[in-house]
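Chain residues, written in single-letter form:
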Amino acid sequence: MDSAVIVKDLTVKFNGKAVLNQLSLSLKAGEIVGLIGPSGAGKSTLINALLGMIKVNSGSVEVFGHEMPNREVMSQIGFMAQSDALFGELTGEQNLEFFGSLQGIPKKELVEKMGLAAKTVNLTEDLKKPASDYSGGMKRRLSLAIALQTDSPLILLDEPTVGIDPELRQEIWKELRLLAAAGKAILVTTHVMDEAERCDKVLMLREGHFVAQGTPQELKTQYDVETIEDAFIKAGHELQNGGGQA
Ligand SMILES: Nc1ncnc2c1ncn2[C@@H]1O[C@H](COP(=O)(O)OP(=O)(O)OP(=O)(O)O)[C@@H](O)[C@H]1O
C-alpha cells in the first residue's frame, strides 16, 4: 500500500475566511509527518478534515482510497485529540476498555492491546485509578494510549506530548518510530521543534498554506539555517515580507 492519505486542493472556511486554502498533501505508509505552524494556523482543522469531522468547502480528502467522511475508514484511524475526551469517573483501564469497544477492537484482543498501549505511555501502575485523579500529563498519556491501542494503519496525533516529561517523550517517540517501521502512517502536530526534527517530513502551515515542506534537512538547507526552529521563523518572516514559497 502506498498513500494512506491524499489531500487535494483542500479549502476549509470558517465564517467566510479560509483557514485552509487549497492545501494538498500525501501521507505514506511507514512515514512520520510533522505538522508545524503557529497557534491558529489550522493544524487541528486539517486533522479534523482528515477524520471527516468537518465540512470542507472544496477539494478532496481521501483516506485509504475512500473519500472522507466515511464511517468505516474512520474506525481505521487512531486519533488523539488535543482536548482530552476522557471519563473522569471511570478508571484508566475502564476508559481504555470503553474507547476500545467504540473503536471496534475485538474483545479477545482488547486486554492485550490495552496492556501494551498503557505500557508504552507508562501508565500500567495507574490503571486502577479514576481518570479524575490523574494529573494533566497522565490524562494526555491515557489519551495517547487510546489512540495507540487501535493498532490502526493511520495514526493522527494532535500535540501528543504536551505536558509529558522529556524522558517519557523520548520513549513515546521511540514507539512512534517502531510503529512507522511496522508500516503505519503517522501525522503529528507539534510545537516542539526537536520533535519536528525527528519526523521524516515536515509540513509548515501558515495562513492556510504550506509555506514549506520537506525532510528536516531539506528545510534547513532551503532556509540556510541550523535548526527547524530557525527555518520556521525565517519562513514566517518571508511570508510577512510578501515572499514565501506556497
Ligand atoms: N468550528 C470553528 N468555527 C469557527 N472557527 C474555527 C473553528 N475551528 C477553528 N476555528 C478557527 O480556525 C483557525 C484555526 O484553528 P485550529 O484549531 O485549526 O488551529 P491550530 O493550528 O490547531 O492552533 P493551536 O496550535 O493553537 O492548536 C483559528 O482561527 C480558529 O479560531
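Given the structure is predicted, the values throughout are model-derived calculations rather than measurements.

### Thoughts on the overall build of the protein chain
Counting its regular elements, the protein chain contains nine helices and ten strands. Radius of gyration (C-alpha) of the protein chain: 18 Å, near the 18 Å computed for a compact globule of 246 residues. By principal-axis analysis of the C-alpha atoms, the protein chain measures approximately 55 × 35 × 35 Å. Taken over 246 residues, the protein chain has a buried fraction of 41%.

### Details of the sheet that holds strand 10 (residues 209-214)
Ordered in space as 6-7-8-3-9-10, the six strands form an open sheet in which the pairing is mixed. In this open sheet, the two strands that pair with only one neighbour each are strand 6 (77-80) and strand 10. Direction aside, neighbouring strands of the sheet carry axes that sit 15 degrees apart on average. Both strand 6 and strand 7 (residues 154-158) contribute to a ladder of four bridges, which runs parallel. Across the sheet, residue G78 finds its bridge partner in strand 7, namely I155. Where helix 5 (residues 136-148) meets the sheet, its contacts fall on strand 6 and strand 7, and the angle it forms with strand 6 comes to roughly 170 degrees. Along the sheet, helix 6 (residues 166-181) makes contact with strand 3 (32-36), strand 7 and strand 8 (185-189), crossing strand 8 at roughly 150 degrees.

### Some words on the sheet that holds strand 4 (residues 58-63)
Here four strands make up an open sheet; going across it, the order is 2-1-4-5 and the pairing antiparallel. Edge strands, defined here as strands with exactly one partner in the open sheet, are strand 2 (17-28) and strand 5 (66-67).

### Here we look at the domain arrangement of the protein chain
The domains assigned to the protein chain are domain 1 (3-76 + 154-243) and domain 2 (87-151). Computed from C-alpha atoms alone, the centre-to-centre distance between domain 1 and domain 2 is 25 Å. Taken together, the eleven residues of domain 1 in the interface contact eleven residues of domain 2. For the side of domain 1 that touches domain 2, the secondary-structure elements that each account for two or more residues are strand 7 and helix 6. Considering each element in turn, the side of domain 1 that touches domain 2 owes the most residues, three residues, to helix 6. The class makeup of the residues in the side of domain 1 that touches domain 2 is seven nonpolar, two polar and two charged.

Cut-offs and rules
- Residues numbered from 1 in each chain as written.
- Predicted model: local features only at pLDDT ≥ 70, side-chain atom pairs only at ≥ 80, totals over all residues.
- Helix = DSSP H or I, 4+ residues; strand = E, 2+ residues; numbered from the N terminus.
- Rg over C-alpha atoms; globule rule 2.2 N^0.38 Å.
- Buried ≥ 20, exposed ≤ 12 C-beta atoms within 10 Å, placed from the backbone.
- Pairing = 2+ DSSP bridges.
- Axes fitted to C-alpha atoms, helices over the stretch in contact; angles between N-to-C directions.
- Contact = placed C-beta atoms within 7 Å.
- Domains from an automatic or database assignment.
- Nonpolar A, V, L, I, M, F, W, Y, C, P; charged D, E, K, R; others polar.

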